[in-house]
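# Examining the three-dimensional arrangement
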Amino acid sequence: MNTIYDKLTQLDFIIIAIYLIVLLTIGYVVSFKQNKKDETLFLANNSLNWYNIGFNMWGTNVGPSSLLAFASIGYATGVVAGNFEWYAFVFLLLLAMVFAPKYIVAKVATMPEYMGQRYGDSTQKILAWYALIKILVSWLSLGLFSGGVLVRQILGIPMWQSVIVLVAFSGIFTFAGGLKAIAKVNVFQMILLIIVSLSLSYLGVQKVGGLSALFHKVPADYWNLIKPASDKNYPWPAMLLGYPVAAVAFFCTDQAMVQSVLGAKNLEQGQLGVNFIGWLKVLALPMFILPGIICFVLYPELGSNSDLAYMTMVTNLFPSGMNGLVICVLIAVLVGTIGSSLNALSAVFTTDVYVKNYRPQATTKEQIKVGRWVIAVGCVFAVFMAIAIDNIKGQNLFNIFQAVLGFLAPSLAVVFLLSVFWSRTTKRAVNIVLSFGSAFSLSIGVLYLWIFPANAYPAWPHFMLLSFYIFAVLFISAIVISLLDKNSPTATIQESPIPVTSKKVKLLFALLGLVIICLYFIFNGH
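This is a predicted model, so every value here is computed, not measured.

## Quick word on the overall build of the chain
Each helix and strand in the chain was counted, giving 23 helices and 0 strands. Per-residue burial over the chain gives 58% buried out of 526 residues. Counted over contacts in the chain with a minimum sequence separation of 6, partners at least 24 positions apart contribute 84%.

## Details of the pattern of salt bridges
Side chains bearing opposite charge may pair, as long as their charged atoms lie close to each other. For the structure shown, the criterion picks out 4 salt bridges. Across the pair Lys134 and Asp254 runs a salt bridge, and its minimum N-O distance is 2.4 Å. A residue pair is termed long-range when its members are at least 10 positions apart, and Lys134 in helix H8 (residues 121-155) and Asp254 in the loop between helix H13 (236-253) and helix H14 (255-262) qualify at 120 residues. Using a relative accessible area of 7% as the deciding quantity, one classes Lys134 as buried. For Asp254, a relative accessible area of 5% translates into the label buried.

## Considerations on the packing of helix H3 (residues 50-61) against H14
Contact geometry of H3 with H14 gives a least axis separation of 9 Å together with a crossing angle of 175°. Considering the angle they form, H3 stands roughly antiparallel to H14. Here Ile53, Asn56, Met57, Thr60 and Asn61 of H3 come into contact with H14, specifically with Ala256, Met257, Ser260 and Val261. A breakdown of the residues in the contact of H3 with H14 according to their chemical character gives 5 nonpolar, 4 polar and no charged.

## Things to note about the nonpolar core
Counting 180 residues, the largest nonpolar core has Trp58, Tyr243, Tyr310 and Phe416 as its most contacted members. Take this core: its biggest share by element is 17 residues, from H8. Ignoring sequence-local partners within four residues, the contact set of Tyr243 consists of Asn83, Phe84, Tyr87, Ala88, Phe91, Ala238, Phe251 and Met464.

## Things to note about the packing of aromatic side chains
If you walk through the whole model with that rule in mind, you get 25 aromatic pairs. Between the aromatic rings of Trp86 and Phe523, the centroid separation amounts to 6.0 Å while the plane-to-plane angle is 40°, which identifies the pairing as tilted. With Trp86 in helix H5 (residues 83-86) and Phe523 in the segment after helix H23 (503-522), this residue pair connects regions lying 437 residues apart in the sequence. With relative accessibility at 14%, the residue Phe523 sits in the buried group. Ring centres of Phe89 and Phe509 lie 6.4 Å apart, and the angle between their planes is 45°; this geometry places the pair in the tilted category. With a gap of 420 residues between them, Phe89 in helix H6 (residues 88-106) and Phe509 in helix H23 connect regions that are remote in the sequence. Residue Phe89 shares its accessibility class with Phe509, and that shared class is buried. A connected cluster of aromatic rings, assembled from ring pairs, spans Phe84, Tyr87, Phe91, Tyr234 and Tyr243.

## Some details on the packing of helix H15 (residues 267-282) against H23
Where H15 meets H23, the axes come as close as 10 Å, and the angle between the chain directions of the two elements is 15°. Our classification of the angle between H15 and H23 gives roughly parallel. The handedness of the crossing between H15 and H23 is left-handed. Contacts from Glu268, Gln271, Leu272, Val274, Asn275, Gly278, Trp279 and Val282 of H15 reach H23 at Lys504, Val505, Leu508, Phe509, Leu511, Leu512, Val515, Ile516 and Leu519. Looking at side-chain class alone, the contact of H15 with H23 contains 12 nonpolar, 3 polar and 2 charged residues.

## Digging into the environment of Tyr87
For Tyr87, the position within the fold is in the loop between H5 and H6. With relative accessibility at 16%, the residue Tyr87 sits in the buried group. For the pair formed by Tyr87 and Gly278, sequence separation is 191 residues and the distance between their alpha carbons is 9.9 Å. Ignoring sequence-local partners within four residues, the contact set of Tyr87 consists of Gly82, Met239, Leu240, Tyr243, Pro244 and Tyr520. A distance of 3.0 Å separates the side chain of Tyr87 from the backbone oxygen of Leu240, its partner in a polar contact.

## Description of unusual backbone geometry
Even without glycine at this site, Lys107 takes up a positive phi of about 55°. As for its placement among the helices and strands, Lys107 is situated in the loop between H6 and helix H7 (111-119). Overall, Lys107 belongs to the exposed group, its relative accessible area being 71%.

## As for the side chain of Thr253
Within the secondary structure, Thr253 sits in helix H13. Of the residues examined, Thr253 reaches a relative accessible area of 5% and is grouped as buried. Among the polar contacts listed, one links the side chain of Thr253 to the backbone oxygen of Ala249, at a separation of 2.6 Å. Once you skip the residues sitting within four places of it in the chain, Thr253 turns out to touch Tyr103, Met111, Val248, Val258, Leu412 and Phe416.

## Regarding the environment of Phe440
Take Phe440: it is sitting in helix H21 (residues 427-451). With a relative accessible area of 38%, Phe440 lands in the partly exposed category. Distance in space between the C-alpha atoms of Phe440 and Ser411 is 9.5 Å, their sequence separation being 29 residues. Setting aside chain neighbours within four positions, we find Phe440 in contact with Ile470 and Leu474.

Definitions and limits used
Sequence order as written defines residue numbering, which begins from 1 separately in each chain. The model is predicted, so local features are restricted to residues of pLDDT at least 70 and side-chain atom pairs to those at 80 or more, both for listing and for counting; the totals for chains, interfaces and linings are taken over all residues. Here the side-chain values reflect all heavy atoms present in the structure, with hydrogen atoms and water set aside. Put simply, DSSP H or I for four residues or longer makes a helix, DSSP E for two residues or longer makes a strand, and each gets a number counted from the N terminus. For every residue, the accessible area (1.4 Å probe, protein chains only) is compared with the maximum for its type, and the residue is labelled buried under 20%, exposed over 50%, or partly exposed between those bounds. Should any heavy atoms of two residues lie within 4.5 Å, those residues are counted as being in contact. We count a salt bridge whenever a side-chain nitrogen from Lys or Arg sits within 4 Å of a carboxyl oxygen from Asp or Glu. An axis is simply a line fitted to the C-alpha atoms; with a helix, the fit covers only the stretch in contact. Between two such axes, the angle follows the N-to-C directions and lies from 0 to 180 degrees. For classification purposes, an angle smaller than 35 degrees is called roughly parallel, one larger than 145 roughly antiparallel, one from 65 to 115 roughly perpendicular, and anything else oblique. All amino acids are sorted into three groups, where Ala, Val, Leu, Ile, Met, Phe, Trp, Tyr, Cys and Pro are nonpolar, Asp, Glu, Lys and Arg are charged, and the leftover types, Gly among them, are polar. Throughout this description, the term nonpolar core refers to a set of buried Ala, Val, Leu, Ile, Met, Phe, Trp, Tyr and Cys residues connected via side-chain atoms within 4.5 Å. Between 30 and 60 degrees the pair is tilted, below 30 it is stacked and above 60 it is edge-to-face, where a pair is any two Phe, Tyr or Trp rings, Trp via its six-membered ring, whose centres lie within 6.5 Å. For any helix crossing, the convention is left-handed if the near helix is rotated counterclockwise from the far helix by under a right angle, and right-handed if that rotation is clockwise. Pairing of N or O atoms within 3.5 Å defines a polar contact, subject to two protein rules: one partner must be a possible hydrogen donor and the other a possible acceptor, and residues neighboring in sequence count only if both atoms are side-chain atoms.

Read these as layout, nothing more, since geometry by itself doesn't imply function.
Have a look at this one:
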C-alpha cells in the first residue's frame, strides 16, 4: 500500500475534486469569452511590470518539481542545493546587464529570431529545431516526469500510468482554455506555494525542537554550501565550473525564461524583474531545502528514497484537508507547467519552422491546427521520454534534472556567449556548434545516463564537470573555426544605443550580491 495515499482523508479527496472541477470550469468559461486572437499565451504587448516578470520567471524556474527535487537533495546532502539558487545571482546579473539589453534593442520575440537576425535563416532554422528538442526534453519531459513522480507518490501507481493521467488532464485543460486561466492566477498560486512551504518548515522545526536542535541533529557538513573536491555528490570544482554552463543556457538563452523580460514595459522594468527573482531565490533554503533536512531528522527510515521527503513531510505534519489543498496546488501548477511547455513547443514549431520555411501564407486557423497536431505529438513523445528518464539508475531526482540540462546546455552557452561578447564569431562556427556540437553533447549524455550509467561505470567524471569539458571543447572549436573562416562574420543586427542602467537597478543588484556573499559565509566552515 502507498503510505501517502493511505493518509489522505475523505475531506482531502473532496477538496481535490472541487479544486480540479473549478479549474476546468474556469478554463471552459475563458475559452468562450476570449477571442481567437488571444490564442497564443503570454502575448504581453510589452506591458509587464517588474513583479509580473519576477513571478513569471520564478514560476517557470521553480515549480512542484523543484519542491520535490530540493527536498530530496536536502534530505540526502543538506544545504548544498542552495548553490543552484544563490550562485544563479551571477547569471541573473549577466542576463539583466548584458543579454536582455541586446535582445530588447534588437526588438526580437524569440531566441532563434535573434540569432537569425545576426547570422541568417540557416542559423535560425537550426536553433529552432534545437529549441524544440530542448523544450521537449528539459521542459515537457522533465516536467511530466516530476509530475509522474508526484502522482505515483500520491496514488501508488506505476510511472507510465501516472504520466498518462497527467497528460490526459493537461490535454483536457488545454483544450478547455485553462492555460489562459492558470496564467491569470499564477501569482496567487506561487504565493500559496510560498505560504505552504514556509508553514511546512515552521511545523517541522517545531517538531524537531527548534533550530538549534535541528542544527545539531544532522551531520555538520549538511550546513556547508561548498563541499571538498573529494565529495562524491557536489565537489566544489564541479559546482564552480559546471554549473555556469547550464546557468548561462537556462537564464540567458532559454525562451521560457527570457520571454518575460522581453515583455517588459521598458528595460528598467525588465532588469528590476530579474532582480526580483534573485530575491525570491534567497528563500530557497527555508522553502524547499529545509523541509528535506527536517525530514532526515524526523523520518530517517526513508533512506535512499529521498525523493519522497517533501510529500512525507506534507502528509505527516499537515492536518486533514490541508493535504488535499497542497496536492491541488502542486498538480495545478504542474499542469500549468506542462501546458505552457506544450504551448511553447507549438509556438516555436509553427512560427520558426512551419510558417517561416514551409507555409509563409498560412492563415491563423491553419497555424492553430498545426499547433494542435504538434501538441499531440509532443504529448506522446513526452510520455515515452518520461518513462525513459524514470529508468535512469543511480541518480536522485535533482541530479537527473541537472544532468539532462547539463548535456543540453553546452552548445547554447557557447554560441550565445561568443555571439554577444565576440563580434568575430562567424556563421559557420555557430552552425557547426549548434548542429554537430549539440549532437556530440547529447550523444555523451545518452552514454552517461543510459548506455554506460555512471553508477555502474565509476570512471565517468562528475556530470557537471563533464558538461564543462564539453563546453570547453565546443568553445575552443568555435574560436578556431571563426579564426580560420575566410568569410567575414555576419552581423545584420544594427544595434541602437543601449539605455543606461538606472542607479536603482545597480543599487538593488549590489544589495542582492551582498546578501548572497553573506549567505556563503554563514553556510560554510561547519
